[in-house]
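Tertiary structure, described
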Amino acid sequence: MSLGLPALNRILNIYLTLNRYPVLSTRIRARMRKKLFKSKAVSRKKFNAEAHEKAILSQSREGLRDPFSEESSETWELRLSRVRDSLTDFYFAYHFPPELLDEIVIKILSEHGTPLLELDEDRFDFLPPELALDNATTLENLPSEKRSNFEPRLKDTKVVLIRKLISDQLAYINIAKKWFKISDLKKIRDRTIGPGKIGGKAAGMLLAARILSEVAPNEIKKHIRTPDSYYLGSGVMYEMMEYSGLMKWADQKYKPEAQIRAEHPHLEKEFLQAKFPDEIAERLEDLIEKAGKRPMIVRSSSLLEDNFGHSFAGKYESYFCPNQGNSEENLDYLSKSIARVYASALRAEPIIYRQQTGLIDYDERIAILIQFVEGEKAGDYFLPHGAGVAFSRNLYRWSPEIRREDGFLRLVWGLGTRAVDQTGNDYPRLVALSRPLLHPADGIKAIQRYSQQYVDLIDLKANEFTSLPVSEVVNSRYAPLRYIAQNVEDGYLSALRTNLIDKDKLVLTFDELLRRTRFAEEMKISLQLLEEHYKSPVDTEFSIKILNPREVQPEVEITILQCRPQSHIKENNEVHLPTKIGKKRIVFSTKRMVPRGSVTGIRYVLFVSPEGYFSLETQIERNKLERAIGHLNAALEEENYIAVGPGRWGTSSPDLGVHIGYADIYNTRALVELSGEGVGTAPEPSFGTHFFQDLMEAEIYPLAVYLDDEDAIFNRKFFYKTKNRLQDWISADENLLKCLRLIAVNDFRPEHHLDLVMDDEKGRAVAYLERDEEQVYFGGL
């Protein structure tokens, strides 16, 4: 019987725990052996025989040739006792979770009559969590005049428990210790399955809800909630891997990228066949019984996720569990979903992200957040009234009337996956919280074109998560519809007045929700409060429920699904466009949702031509292009370059843009999306998506150039007639050369480079030629 790292850690935990109670350690180990024998993990006869054999072996190792004459009976008994203790620790660590030891210790302490407050000499970080929680609860419930003497100890206890149960990230602990009560931590412990922490995603959600429950106005407090949640501890991942013989994959992060990608399909297949230790499997079975037919979602909550400076947005997978089968089928689906999340941590994309952020050597264990899905049944479907992502700072304004500090939403009908993923063929409602009814699109036709066309939901009948056209799901009996959609009539948007709807004229705008409820105002206040107490801009994921949709001014319930520090590029207030730029010097310019910043000294431009890209006939050809972009990105590591391409970069729909990930493009300084008739559909950068978060963290500027705009400039001669330097950097065949170009700026104009200046006050971004010796830095990157 061999022990892996998780079991060795459990042995250490047993040693540290028993070392705190030397007087009671004999009783505790006797109780541990009783549990071992009763559960038939090992028989009493086999245990005693093995202890005797190992004790004799230890004598021979010490050079005793005649033990009966060279060692007294007292020494032999001490030797045998120590071997029995070691064997007890070994078997107990192998067969049982740490929680069982905690239960035994607490029960014996209670039997021994040790008052909790007499454990003054015990450092709480050596205590089992349950015992530390009981001690701390006693302290927290003391009258204020008595508790004052224990405040330092209570604060120390909170920090220890937060570090043990939630997160060891210091920036998080520094905030959380001010807000969490011991009762909050006890609830977390009660809902945690297996050893380890609950991870960053769960940590952010709970902290945000706790802050708002204390400081938000009463009318907002009553509308804020979190989903019914359970936590699979971060230690379970290694326990499952050890139990199922998967520890051979633990070193994936140190392998070459090509090997990681090549091995991952086989790795995932093995993970899907894995089994959980019995005690974990039993808790998951209990959870399935509790869920019944309620859909659940399995979400990653890694130790580093949603941290200050590193959000890990979208790096690991999440999976919906519709739960419409029988108990065995639902349990199997849940178990496989957890395994898929674990396997996603060993893909190339998160590993490359960790390499780029200097976190590759951190032991990134994946905790799991299991939540009952927010929403309600609507016919054969299950979905919330709305969901999305909210930011306390609006980094991309589409009007001077918009205040950055009032925040921004990406709002969709249905599940929030459509708000955070790069769908490419669909558009959420963008809401500036300073002017909620101000659309980014100009005119009714544009609003209609750039509105949500599909809805993500759970199909209860088909027992699956799916995306369906809005027209297939919506019906006149759906009470919240009047707040979600409007009619287009005679060139105007109007509220729904009757139960009779024309699906062809229906547009999802959420205008009536924003006009007739306090939702936008309450979101704005909540985001400002979270930013104040996080001491950082924040972004949150949320869902909404219109509580009384048949009333004129209904109330809106907001469920917080996630909260983390908002990723953003450091702003420079001195960024201004030069007063005069000759048109011949301009390579491209746009007035579409311009950020603030600049990129100077650009030597190369990676260009994916729209004509070449959309002429690729097969997915194999597009995959080849994506890999070539990744190889070129790596080759240009020491160069200052920007990337320009059609439609949405990073979209999940290759027909609507270049389907690349952060791992393919992290060295670029700007990512420019071309759109317009026949080019692609990307009216604005995909602000708020997981891909966008990656760009912000890497200080890569997203920018959109809509070629049909009258004031847009796009120098086709620069992009199409300049020599293609692609083969100077990577190998490329003729088909690849037709769609992928690498342009050296000084090939177009010798002794020149490009400067890209984005002035959000003037609402214009310009990339223009600048002579090398005249380079002027405008701040930014």
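Residue numbers here run from 1 along each chain, matching the order of that chain's written sequence. Given that the model is predicted, a residue must reach a pLDDT of at least 70 before its local features are reported, and side-chain atom pairs must reach 80 or more before they are shown or counted; all residues, however, enter totals for whole chains, interfaces and linings. Values reported for side chains reflect all heavy atoms of the structure, with hydrogen atoms and water molecules removed beforehand.

With that out of the way, let us pick up the overall build of the chain. Counting its secondary structure elements, the chain contains 31 helices and 28 strands. The cut-offs for exposure are 20% and 50% of the maximum accessible area for each residue type, with area from a 1.4 Å probe on protein chains only; residues under the lower value are buried, those over the upper are exposed, and the others partly exposed. Taken across its 781 residues, the chain has 57% of its residues classed as buried. By definition in these notes, contact holds between two residues if any of their heavy atoms fall within 4.5 Å. Contacts in the chain between residues far apart in sequence, at least 24 positions, make up 75% of those at least 6 positions apart. What counts as a helix is a DSSP run of H or I of at least four residues, what counts as a strand is a run of E of at least two, and both are numbered from the N terminus.

What follows covers the pattern of salt bridges. Only one rule defines a salt bridge in this text: a Lys or Arg side-chain nitrogen within 4 Å of an Asp or Glu carboxyl oxygen. Summed over the entire model, instances satisfying the criterion amount to 44 salt bridges. Between Lys 336 and Asp 332 there is a salt bridge; the shortest N-O distance is 2.9 Å. Highlighted residues: Lys 336 and Asp 332, both in helix α17 (residues 327–344), separated by 4 residues, approximately one helical turn. Because the salt bridges share partners, they merge into one network encompassing Glu 257, Arg 261, Glu 317, Arg 347 and Glu 349.

Bringing the pairing of strand β6 (residues 366–372) into the picture now. Across the 7 residues that make up β6, a large majority, 7, are buried. Going residue by residue along β6, you find Ile 366, Ile 368, Ile 370 and Phe 372 tucked away on one face and Ala 367, Leu 369 and Gln 371 tucked away on the opposite face as well. Being paired, for any two strands, means DSSP has found at least two bridges between them. With 4 bridges joining them, strand β3 (residues 229–232) and β6 adopt antiparallel strand pairing. Residue pairing for β6: Ser 229 is matched across the bridge by Gln 371.

Here we take up the environment of Ala 262. Inspection of the secondary structure puts Ala 262 in helix α15 (residues 257–272). Between the C-alpha atoms of Ala 262 and Ala 348, which are 86 residues apart in sequence, the distance is 9.7 Å.

Proteins that are soluble and globular tend to have nonpolar side chains buried together. With 74 residues, the main nonpolar core has Ile 166, Leu 185, Trp 413 and Phe 519 as its most contacted residues. Here this core gets 8 residues from one element, more than from any other, and that element is helix α12 (residues 200–215). With 38 residues, the next largest nonpolar core counts Leu 606, Tyr 613, Ala 663 and Ile 665 among its residues. Working definition of a nonpolar core: buried Ala, Val, Leu, Ile, Met, Phe, Trp, Tyr and Cys residues. They are joined through side-chain atoms within 4.5 Å.

With that settled, consider the sheet that holds strand β5 (residues 318–321). Pairing is mixed across the open sheet formed by 5 strands, whose spatial order is β1-β3-β6-β4-β5. If you trace the sheet from one side to the other, it starts and ends with β1 (192–193) and β5, each paired once. Packed onto the sheet, helix α16 (residues 278–291) meets β1, β3, β4 (296–302) and β6 and runs at close to 20 degrees relative to β6. Axes here refer to lines fitted to C-alpha atoms; in helices the fit is confined to the stretch in contact. Angles between the N-to-C directions go from 0 to 180 degrees.

Moving on, we get to α16. In a regular helix each residue adds 1.5 Å, so 14 residues correspond to 20 Å; α16 covers 20 Å between its end C-alpha atoms and thus fits that length. Within α16, the full set of buried residues consists of Ile 280, Leu 284, Leu 287, Ile 288 and Ala 291. Across the axial projection of α16, the buried residues extend over an arc of 100 degrees, all falling on one side. Every exposed residue of α16 that faces more than 90 degrees away from the buried side is listed here: Asp 278, Asp 286 and Glu 289. Expected helix span is computed as 1.5 Å times (number of residues minus one). Here the arc refers to the set of directions running from the helix axis out to each C-beta atom.

This part is about unusual backbone geometry. Phi at Asp 490 takes a positive value of approximately 55 degrees, unusual for a residue other than glycine. Here Asp 490 shows up in the loop between β14 (485–489) and β15 (492–494).

Moving on to the side chain of Glu 374. With respect to the secondary-structure elements, Glu 374 resides in the loop between β6 and β7 (376–378). Two N or O atoms count as a polar contact when they lie within 3.5 Å, although within protein this holds only if one can serve as hydrogen donor and the other as acceptor, and sequence-adjacent residues are included solely when both atoms are side-chain atoms. A polar contact is formed between the side chain of Glu 374 and the side chain of Thr 559, at a distance of 3.4 Å. Excluding residues that lie within four positions of it along the chain, Glu 374 makes contacts with Arg 225, Pro 227, Asp 228, Phe 382, Leu 383, Pro 384, Leu 415, Ser 543, Thr 559 and Leu 561.

The next subject is helix α26 (residues 619–635). Spanning 17 residues, α26 covers 24 Å between terminal C-alpha atoms, matching the ideal 24 Å at 1.5 Å per step. Arg 622, Leu 625, Glu 626, Ala 628, Ile 629, Gly 630, Leu 632 and Asn 633 are the residues of α26 that are buried. Of the surrounding elements, those touching the buried residues of α26 are β21 (604–608), α25 (610–614), β22 (641–646), α29 (726–729), α30 (734–739) and β26 (740–744).

With that settled, the discussion passes to a positive patch on the surface. Patch building starts from residues that exceed 30% relative accessible area and form no salt bridge, then joins like charges within 9 Å and nonpolar side chains (Val, Leu, Ile, Met, Phe, Trp, Tyr) within 5 Å. Each accessible area is a Shrake-Rupley estimate made with a 1.4 Å probe; only the visible protein chains count as cover when residues are assessed. Charge convention: Lys and Arg are scored as positive, Asp and Glu as negative, and His as well as the terminal groups of each chain are ignored. Just so you know, the charge point we use is NZ for Lys, CZ for Arg, CG for Asp and CD for Glu. The grouping of Lys 34, Lys 35, Lys 38 and Lys 107 at the surface amounts to a positive patch. It is helix α2 (residues 25–39) that contributes the most residues to the positive patch, 3 residues altogether. Along the polypeptide, Lys 107 turns up in helix α6 (residues 98–112). Owing to a relative accessible area of 52%, Lys 107 belongs among the exposed residues under this scheme.

Taken in spatial order, the 3 strands make up an open sheet running β15-β14-β16, and their pairing is antiparallel. Looking at the sheet topology across the chains shown, the edges are occupied by β15 and β16 (506–508). On average, each strand axis in the sheet is tilted by 40 degrees relative to the strand beside it, whichever way the strands run.

This paragraph deals with the environment of Leu 359. Residue placement: Leu 359 occurs in the loop between α18 (348–356) and β6. Leu 359 sits 55 residues away from Leu 304 along the chain, and the two C-alpha atoms are 8.9 Å apart.

Below, the discussion takes up the pairing of strand β13 (residues 464–469). Relative to β13, strand β12 (residues 454–459) runs antiparallel, the two sharing 6 bridges. Its bridge partner lying in β13, Asp 456 is registered against Ser 467. Two successive antiparallel strands, β12 and β13, enclose a turn made up of 4 residues, where Asn 463 displays a positive phi of approximately 60 degrees.

Time to look at the packing of helix α9 (residues 151–165) against helix α10 (residues 170–179). The description of two packed helices rests on the angle between their axes and on the distance between the axes. Contact pair α9 / α10: the axes reach a minimum separation of 10 Å and the direction vectors enclose 130 degrees. Of the possible angle classes, the one that applies to α9 and α10 is oblique. Where α9 crosses over α10, the two elements pack in a sense that is right-handed. Residues Lys 158, Val 159, Ile 162 and Arg 163 of α9 lie in contact with α10, whose contacting residues are Tyr 172, Ile 173, Ala 176 and Lys 177. Class assignment for the residues of the contact of α9 with α10 results in 5 nonpolar, no polar and 3 charged. Any angle that falls under 35 degrees is termed roughly parallel, while one over 145 is termed roughly antiparallel, one within 65 to 115 roughly perpendicular, and all others oblique. Rotating anticlockwise by less than a right angle from the far helix to the near helix defines a left-handed crossing, while the corresponding clockwise rotation defines a right-handed one. Throughout this entry, Asp, Glu, Lys and Arg are counted as charged residues, while Ala, Val, Leu, Ile, Met, Phe, Trp, Tyr, Cys and Pro are counted as nonpolar. The remaining residues, Gly among them, count as polar.

It should be kept in mind that the predicted coordinates are not to be read in detail where pLDDT is low. Confidence scores labelled pLDDT are given residue by residue by the predictor and lie between 0 and 100. Residues of the chain with pLDDT of at least 70 account for 88%, and the chain-wide mean is 85. Segment residues 114–123: pLDDT under 50, and 19 contacts once partners within four positions in sequence are set aside and those in other chains are kept. Predicted confidence is poor over residues 775–781, with pLDDT under 50, and the contacts of this stretch with residues over four places away or in other chains come to 28 contacts.

Okay, the packing of aromatic side chains next. Pairing of aromatic side chains here covers Phe, Tyr and the six-membered ring of Trp, requires ring centres within 6.5 Å, and sorts the geometry by plane angle: under 30 degrees stacked, over 60 edge-to-face, intermediate tilted. One pass over the structure, following the stated rule, counts 18 aromatic pairs. Relative to Phe 47, the ring of Phe 37 lies with its centre 5.6 Å away and its plane at 75 degrees, an arrangement referred to as edge-to-face. A residue pair is termed long-range when its members are at least 10 positions apart, and Phe 37 in helix α2 and Phe 47 in helix α3 (residues 44–61) qualify at 10 residues. Here the aromatic rings of Phe 714 and Phe 719 are separated by 4.4 Å at their centres, their planes lie at 10 degrees, and the arrangement is stacked. Taking relative accessible area as the criterion, Phe 714 reaches 16% and is therefore assigned buried. Taken together through their ring pairs, the aromatic side chains of Phe 607, Phe 714, Phe 718, Phe 719, Tyr 720 and Phe 748 make up a single cluster. For the cation-ring pair, Arg 340 lies above Tyr 319, with the distance from its terminal atom to the ring centre recorded as 5.9 Å. Its end group placed over the ring of Tyr 613, Arg 622 keeps NZ or CZ at 5.2 Å from the ring centre. For a ring to carry a charge above it, either NZ of a lysine or CZ of an arginine must fall within 6 Å of the ring centroid while also lying within 35 degrees of the normal to the ring plane.

Okay, a negative patch on the surface next. On the surface, Asp 278, Glu 282, Glu 285, Asp 286, Glu 289, Glu 328 and Glu 329 cluster together into a patch of negative charge. For Glu 328, the location among the structural elements is in helix α17.

Before going further, it helps to examine the packing of helix α7 (residues 129–140) against α9. Contact pair α7 / α9: the axes reach a minimum separation of 10 Å and the direction vectors enclose 150 degrees. The interaxial crossing formed by α7 with α9 has left-handed handedness. Along the contact surface, α7 presents Pro 129, Ala 132, Leu 133, Asn 135, Ala 136, Leu 139 and Glu 140, while α9 presents Arg 153, Leu 154, Thr 157, Lys 158, Leu 161, Lys 164 and Leu 165. Classifying every residue of the contact of α7 with α9 gives 8 nonpolar, 2 polar and 4 charged.

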